Amino acid sequence: MDIMYRSTRSKDIRVTASQAILTGLSDDGGLFVPESMPKFDVSLGRLKDMTYQETAYEVMKLFLTDFTEDELKSCIKGAYDSKFDTDIIAPLVKAAEGGTSAEGHSDNTGVQGEDAFYLELFHGKTIAFKDMALSILPYLMTTAAKKNGVKNEIVILTATSGDTGKAALAGFADVPGTSIIVFYPKDGVSPIQKQQMVTEPGKNTMVVGVDGNFDDCQTGVKNIFNNKELAGRMDAKGYQFSSANSINIGRLVPQIVYYVYAYGQLLMRGDLSEGEIMDVVVPTGNFGNILAAYYAKLIGLPIGKLYCASNENKVLFDFFGSGTYDKKREFILTSSPSMDILISSNLERLIYRIAGDDPEKTAGFMKQLTGEGEYTITDEMREQLGSFEGGFATEEDTAEEIKSVYEKTGYVLDPHTAVASYVCRKIASASSVKTVVASTASPYKFTRSVMDAIDKDKYAGMEDFDLVDELNRISGVKIPYAVESIRNADVIHKTVCAVEEMQKVVEDKLGLAK
């Protein structure tokens, strides 16, 4: 059965999967969602014998039904290859004191208890979980362009809170028929994240620092997407926009894969029996990563609870507790910058579903969020959120989690994973259900925050790359090429702009100035 996609804000928009990937954001400002939710057609028992690539095909074929088998397998083969530093692609590490490890990984583990596991999603080219989807998105997008007879150059326009930017740049750099412009909050990413982006050598890339926070960048990008007059000028010049942000369904579908793969790994290890439930804990900002786990549950994966772990920007924690989404609060810069988000775009897809797939209701909530800064869902909608539970970690909690896990096992968490690890220990560990913690980034991306947490007095005066060397010394984990390669790299991208200048930067880049 072919799966078509509808906008969360209109009954009149209906497109194929490839069209949804190409467009990114619907013309009405909504997000594309599957018209119906497919069901997983492989027995759970088979999962334990499947590679990551085989799992990816079995999941993605359900959602991307206008891609042929050869097209989809070619995209998967091109994405999940030697760009990853392990053949496993996403190792699942037993998180218990004592040093049990996943095959092909280091000997160190976390300390959550016998029923918790870390799903390491940071073994790709840019050492963050965004690689899991952004390694395949360029292949999906260029294949979709050919399928739909697109002649224009595709301009990838992306806002990043730190990791999406570099992962998208790495994916689309020098891909024929594309160019990419990335906006990031100039004071809201880690030094390593910034250095990764501003040293990107791809000839079709542009990186721009914005005087604002991530929500400013994200709103600016959405406004540019929704500017019909600009779209007309772009088409006349042979350009069209698409997005590599998690709003693109081509990002969301590949993220479903690693939860299915994790279940298979638990079966293979004998930690789960077929059909037994697992829970997941996901550090969450823009809501895409945990939404992918929810979609995995909807297609038939035995997932029980979805623990949404927030940092001090706990807008999602408050939403799950009260039913009110309220962005009218102080924006806090934390040690987990990829979660420093007050407008969680992918939540709109969940709102649409619990509103009975009603685009008018969904559009009304989003209008309230834009105009009034908040909305409150109905009691009937709240009743459908039983699978979700919110938790959060303060900056002090996060630092203590990093320090505690390191001192007990020698395993080093990045701050985002530490937020989820803390929530797992405080909330999820009360359950006897096997729990998978999404480990979303390498600690090498956040060396200063990590080393400060371990021993602030000892490491306070060290330079960023000296901290990289020290992390290598104390952890025994090899410095990733993604970090080593930028140690002495030249800064290529130096543009900085105000929020209101973002569209002009795009116009100047594309030669569209009036």
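Let me begin by describing the structure that accompanies this report. Residue numbers restart at each chain and count upward from 1, following the sequence in its written direction. It should be noted that, the model being predicted, local features are given only for residues of pLDDT at least 70 and side-chain atom pairs only at 80 or more, the latter also being counted only at that level, while totals for whole chains, interfaces and linings use all residues. With hydrogens and water set aside, each side-chain value is computed from the structure's full complement of heavy atoms.

1. Examining the overall build of the protein chain
Turning to step 1, where the next piece is worked out: Secondary structure summary: the protein chain contains 21 helices and 16 strands in total.
Turning to step 2, where the next piece is worked out: Scaling as 2.2 N^0.38, a compact globule of 514 residues should have a C-alpha radius of gyration of about 24 Å, and the protein chain matches this with 21 Å.
Turning to step 3, where the next piece is worked out: In terms of principal-axis extent, the alpha carbons of the protein chain reach across some 60 × 50 × 45 Å.
Turning to step 4, where the next piece is worked out: Relative accessibility thresholds used throughout: buried, under 20% of the residue-type maximum; exposed, over 50%; partly exposed, between the two (1.4 Å probe, protein chains only). Burial analysis of the protein chain (514 residues in total) assigns 62% to the buried set.
Turning to step 5, where the next piece is worked out: Sequence-distant contacts, at least 24 apart, represent 75% of the contacts inside the protein chain between residues at least 6 apart.
Turning to step 6, where the next piece is worked out: Residue exposure ignores everything except the shown protein chains as possible cover, and the areas themselves are Shrake-Rupley values with a 1.4 Å probe. Carbon and sulfur atoms provide 46% of the accessible area of the protein chain, an area that totals close to 19,000 Å². Only DSSP runs of H or I with at least four residues qualify as helices, and only runs of E with at least two residues qualify as strands; both kinds are numbered from the N terminus onward. The reference for a compact globule is 2.2 Å times residues^0.38; the radius of gyration itself is calculated from the C-alpha atoms. Between two residues, a contact is recorded if the distance between any of their heavy atoms is within 4.5 Å.

2. Notes on the sheet that holds strand β3 (residues 32-34)
Turning to step 1, where the next piece is worked out: Strand order in the open sheet formed by three strands is β2-β1-β3, with antiparallel pairing between adjacent strands. Both outer strands of the open sheet, β2 (14-15) and β3, are each paired with one neighbouring strand and no more.
Turning to step 2, where the next piece is worked out: If DSSP finds at least two bridges between two strands, the strands pair. Across three bridges, the pairing between strand β1 (residues 5-7) and β3 is antiparallel. In the sheet register, R6 faces β3, and the bridge partner there is V33.

3. Considering the packing of helix α9 (residues 228-236) against helix α21 (residues 502-510)
Turning to step 1, where the next piece is worked out: Between α9 and α21, the least distance of the axes is 12 Å, while the angle of their chain directions is 10°. In terms of orientation, α9 and α21 fall into the roughly parallel class. Facing L230, R233 and M234 of α9, the residues of α21 in contact are Q503, E507 and L510.
Turning to step 2, where the next piece is worked out: Under the scheme applied here, ten amino acids are nonpolar (Ala, Val, Leu, Ile, Met, Phe, Trp, Tyr, Cys and Pro), four are charged (Asp, Glu, Lys and Arg), and all others, including Gly, are polar. Along the lines of polarity and charge, the residues of the contact of α9 with α21 split into three nonpolar, one polar and two charged. Think of each axis as a best-fit line through the C-alpha atoms, taken over the contacting stretch in the case of a helix, with angles from 0 to 180 degrees between the N-to-C directions. When an angle is under 35 degrees it counts as roughly parallel; over 145 it counts as roughly antiparallel; between 65 and 115 it counts as roughly perpendicular; any other value is oblique.

4. A closer look at the sheet that holds strand β4 (residues 92-94)
Turning to step 1, where the next piece is worked out: Strand order in this open sheet of six strands is β4-β5-β15-β10-β11-β14, and the pairing throughout is mixed. One side of each edge strand has no neighbouring strand; the edge strands of this open sheet are β4 and β14 (388-392). Across the sheet, the mean angle separating the axes of adjacent strands is 25° when strand polarity is ignored.
Turning to step 2, where the next piece is worked out: Sheet analysis places strand β5 (residues 116-120) next to strand β15 (residues 434-439), joined by five bridges and oriented parallel. Bridging across to β15, E120 finds its partner in S439.

5. Digging into the environment of L342
Turning to step 1, where the next piece is worked out: Following the sequence through the fold, L342 ends up in the loop between β12 (324-326) and α13 (347-354).
Turning to step 2, where the next piece is worked out: C-alpha separation for the pair L342 and N286, spaced 56 residues apart in sequence, amounts to 8.3 Å.
Turning to step 3, where the next piece is worked out: Every residue in contact with L342, bar those within four places of it in the chain, is listed here: D215, N313, V315, Y325, K327, R329, E330 and F331.

6. Considerations on the layout of surface pockets
Turning to step 1, where the next piece is worked out: Residues are said to line a cavity or pocket when one of their atoms sits within 4 Å of a point; the points come from a 1 Å grid over protein atoms alone, cavities being sets where a 1.4 Å probe fits but cannot get out and pockets being open sets with protein on both sides within 12 Å along at least five of seven lines. Grid points are joined across faces, edges and corners, and a volume is the space filled by probe spheres set on the points. What the largest pocket holds in volume is close to 880 Å³.
Turning to step 2, where the next piece is worked out: Lining the largest pocket are 42 residues, and of these G124, I127, P480, Y481 and A482 sit closest to its centre.
Turning to step 3, where the next piece is worked out: Looking at the lining of the largest pocket, the elements that each hand over two or more residues are α6 (163-172), α19 (464-475) and α20 (481-484).
Turning to step 4, where the next piece is worked out: Counted by class, the lining of the largest pocket contains 18 nonpolar, 16 polar and eight charged residues.

7. Examining unusual backbone geometry
Turning to step 1, where the next piece is worked out: Here the phi dihedral of I127 falls at roughly 55°; this positive angle occurs in a residue that is not glycine.
Turning to step 2, where the next piece is worked out: Positive phi, close to 55°, is recorded for D357, a residue that is not glycine.
Turning to step 3, where the next piece is worked out: Within the secondary structure layout, D357 lies in the loop between α13 and α14 (359-372).
Turning to step 4, where the next piece is worked out: When its relative accessible area of 35% is taken as the criterion, D357 is described as partly exposed.

8. Quick look at helix α8 (residues 214-225)
Count 3.6 residues to each turn of an α-helix, and residues three or four apart come out pointing the same way.
Turning to step 1, where the next piece is worked out: Over its twelve residues, α8 extends 17 Å from the first C-alpha to the last, a length consistent with the 16 Å expected when each residue adds 1.5 Å.
Turning to step 2, where the next piece is worked out: Along α8, the positions that sit buried rather than exposed are F214, D215, C217, Q218, G220, V221, I224 and F225.
Turning to step 3, where the next piece is worked out: Pairs of N or O atoms within 3.5 Å make up the polar contacts considered here, provided that, within protein, one atom can donate a hydrogen while the other can accept it, and that residues adjacent in sequence are counted only when both atoms are side-chain atoms. The distance from a side-chain oxygen at the start of α8 to the backbone nitrogen of D215 is 3.0 Å, and the residue carrying that oxygen is N213. Expected span of a helix, by definition, is 1.5 Å for each gap between consecutive residues, and there is one gap fewer than residues.

9. Things to note about the pattern of salt bridges
Turning to step 1, where the next piece is worked out: Salt bridge criterion: a side-chain nitrogen from Lys or Arg within 4 Å of a carboxyl oxygen from Asp or Glu. Taken as a whole and judged by the stated rule, the model has 27 salt bridges.
Turning to step 2, where the next piece is worked out: Among the salt bridges present, the one from D326 reaches K328, with a minimum N-O distance of 3.0 Å.
Turning to step 3, where the next piece is worked out: D464 serves as the salt-bridge partner of R448, at 3.1 Å between the closest nitrogen and oxygen. Taken together, the residues R448 in helix α18 (residues 447-459) and D464 in helix α19 connect sequence positions 16 residues apart.
Turning to step 4, where the next piece is worked out: Taking relative accessible area as the criterion, D464 reaches 21% and is therefore assigned partly exposed.
Turning to step 5, where the next piece is worked out: Among the charged side chains, a salt-bridge network with shared partners connects R6, R14 and E35.

10. Description of empty space enclosed by the protein
Turning to step 1, where the next piece is worked out: A full pass over the atoms with the stated rule returns two cavities of 30 Å³ or more.
Turning to step 2, where the next piece is worked out: When its volume is computed, the largest cavity comes out at roughly 260 Å³.
Turning to step 3, where the next piece is worked out: If you trace the largest cavity, you find 24 residues lining it, with F129, K130, G285, N286 and S338 closest to the centre.
Turning to step 4, where the next piece is worked out: For the lining of the largest cavity, a count of residues per class yields seven nonpolar, 14 polar and three charged.
Turning to step 5, where the next piece is worked out: Considered as a void within the structure, the second largest cavity measures approximately 50 Å³ in volume.
Turning to step 6, where the next piece is worked out: A159, Q218, V221, K222, N245, I247 and S345 are the residues that line the second largest cavity.
Turning to step 7, where the next piece is worked out: Top contributing element to the lining of the second largest cavity by residue count: α8, with three residues.
Turning to step 8, where the next piece is worked out: Residue composition of the lining of the second largest cavity, by class: three nonpolar, three polar and one charged.

Treat this as a map of the structure, not an account of what it does.
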